[in-house]
Amino acid sequence: MARAEIVQIHAREVFDSRGRPTVEAVVTCEGGRPCRAIAPAGASTGRAEARELRDGGERLGGWGVRRAVENVLREIAPAVIGRDAADQAAIDAKLIALDASANKERLGANALLAVSLASAYAAADALGQSAVEHLHYLWRQVRNPVHESAALDTVGHGPSLPLPMVNMISGGKHAGGQLDFQDYLLMPVGAASYSQALEWIVAAYQQLGRHLTEAGHEGVLVGDEGGYGPKLRSNEEALDVLMRVIERTGLRPGRDLAIALDVAASHFHDAGKYRLSATGGRELTGPELAEHLTGLVRQYPIVSIEDGLAEDDWDGWTELTKQLEDRVQLIGDDLFATNPERLRHGIERGVANAVLIKLNQIGTLSETLQTLKLAVDHGYRPIISARSGETEDVTIADLVVATGAGQIKVGSVARSERLAKYNQLLRWEDECAGRWPYVGKGPVATWLSAE
């Protein structure tokens, strides 16, 4: 590949969808245009995640990122300018070496990630490639560095349009603790194209709004990721609402629209117990929560469960996997934190069967691709995911197409930081002119057939 020499790097403090500061980096290569990327931020964060750098103090509640911006301008830029942006692995290795801390807390994962991603976009621009073309080239290098032109036609290999996993009802940290579980989502498993999948989801979201109004939930809040946050009495009531909404949309539960749960159990786990304070104050052990989730799967068309148990409850995860691995997709988010060491440990213990991939959990594009490769190589389904603090940056939409990961989790179909990603996927569907397939129900077909 031709060289794309970095000639300029800039950074600034911008704001995410929650009004909190984050880092935007701008990288320019010789002969190219300035290209930017913005680091997202999470609310439901795992202990093993790479650490973003915040200013502390009184300004903006301590959330400022001026120190991280200064780290880009004063330390990262001098070390990276003059390097080849097309050699993403070398760029990211330099960033990691510069930081030299275990979890990127010195320079800040938000600073490193913004530069890492902006470098990839700058390389694509300088080389005359689309973002997907360049990201797919990088993915091929990770997948098969010797035979980079080999045909790659399975999940996690060739470019494809993903099955979306879309937030409908929010609880936990995303909606003021109205419900214990963090998100109740729909997956358009029966759609024949990405655009049809999105249309079905929008129709369901509109029906949900009407249903909640008719049920007396006037002025219901909307959570961080755009899902409705009604005051419901239990997890079961939230699932019953989704069932009614699917039927009101004129679609078939489990055939056209299936249900997914993001339990985010780490956030109601304490001293070995799971306290369901928002729905009756029950205290459950790990095995009891696993049994509760198993009961929900028997009762509702649930095809995916994320973080069903806490991030360090490995014994509980073993039991949960034993009970449900043949029935649903079991996703590790806090459990794995896009961290290859934690994912390897999970693979060795045989827990979960899917992994959420979040760029800012690990802090560079190269490390993200390496974790994605580890997952695919061991049969774990990857889901490329946004964070609760998002922006207009569309990297995850480009990445999910380029890597053929097969599933994307953005949030709901409300708020422009979410729609930016969904709309980017519509553009790729239009521009690929049928060259890149829509995966449809493929990534979860195993568990649909188990229903």
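Here the structure is a predicted model, which means the values were calculated and not measured.

### A short note on the nonpolar core
Counting residues in hydrophobic clusters, the biggest one holds 146 residues, and the most contacted among them are Ile76, Ile169 and Ile305. Among the elements that line this core, the one with the most residues is helix α3 (residues 109-126), at 11 residues.

### Here's the deal with the environment of Glu52
Tracing the chain through its elements places Glu52 in the loop between β3 (35-38) and α1 (66-80). Each residue touching Glu52, except ones within four places of it in the same chain, is listed here: Pro40, Ala41, Trp63, Gly108, Ala109 and Asn110. Polar side-chain contacts of Glu52 include one of 3.1 Å to the side chain of Arg54.

### A word on the packing of aromatic side chains
What the rule picks out here adds up to 6 aromatic pairs. Here the aromatic rings of Phe181 and Phe268 are separated by 6.3 Å at their centres, their planes lie at 25°, and the arrangement is stacked. Pair noted here: Phe181 is in the loop between β4 (163-170) and β5 (183-187) and Phe268 is in the loop between β6 (258-262) and β7 (269-270), with a separation of 87 residues, a long-range link. The same class applies to Phe181 and to Phe268, which are both buried. In this structure an aromatic cluster arises from ring pairing among Phe181, Tyr184, Phe268 and Tyr274. Above the plane of the ring of Trp63 lies Arg20, whose end atom (NZ or CZ) is 3.8 Å from the centre. Above the face of the Trp436 ring, Arg435 is positioned so that its terminal group lies 5.0 Å from the ring centre.

### Structural notes on the confidence of the model for the chain
For the chain, the mean per-residue pLDDT works out to 92, and 93% of the residues sit at or above 70. When the criterion is pLDDT under 50, residues 146-154 qualifies, and its contacts beyond four places in sequence or with other chains add up to 8 contacts.

### What about the sheet that holds strand β9 (residues 282-284)?
Taking strand neighbours across the sheet as the criterion, the 3 strands line up as β7-β8-β9 in an open arrangement whose pairing is antiparallel. Because the sheet does not close on itself, it has two edges, and the strands there are β7 and β9. Bridging between strand β8 (residues 273-276) and β9 involves 3 bridges; their strand directions are antiparallel. In the sheet register, Leu276 faces β9, and the bridge partner there is Arg282. Of the strands in this sheet, β8 and β9 are in contact with helix α7 (residues 286-299), which crosses β9 at around 105°.

The rules we used
Per-chain numbering applies: the sequence of each chain, read as written, is numbered from 1 onward. The predicted origin of the model limits local features to residues at a pLDDT of at least 70 and limits the giving and counting of side-chain atom pairs to 80 or more, whereas totals for whole chains, interfaces and linings rest on all residues. Only hydrogens and water are set aside; all other atoms, that is, all heavy atoms of the structure, feed into the side-chain values. Put simply, buried Ala, Val, Leu, Ile, Met, Phe, Trp, Tyr and Cys residues joined by side-chain atoms within 4.5 Å make one nonpolar core. Each residue is placed in one exposure class: buried if its accessible area under a 1.4 Å probe, protein chains only, is under 20% of its type's maximum, exposed if it is over 50%, and partly exposed if it falls in between. Strands here are runs of E lasting at least two residues and helices are runs of H or I lasting at least four, both read from the DSSP assignment and numbered beginning at the N terminus. Throughout, a contact is declared for two residues whenever any of their heavy atoms are within 4.5 Å. Here a polar contact is recorded for every N or O atom pair within 3.5 Å, except that within protein the pair must consist of a potential hydrogen donor and a potential acceptor, and residues adjacent in sequence are included only if both atoms are side-chain atoms. Aromatic rings from Phe, Tyr and Trp, taking only the six-membered ring of Trp, are treated as a pair when their centres fall within 6.5 Å; an angle between ring planes under 30 degrees marks them as stacked, one over 60 as edge-to-face, and anything in between as tilted. We call a charge positioned above a ring when the Lys NZ or Arg CZ atom is no farther than 6 Å from the ring centre and deviates by at most 35 degrees from the ring normal. pLDDT is a residue-level measure of predictor confidence that goes from 0 to 100. Strands pair, by our definition, only if DSSP identifies at least two bridges between them. Axis lines are fitted through C-alpha atoms, for helices just across the contact stretch, and the angle between N-to-C directions can take any value from 0 to 180 degrees.

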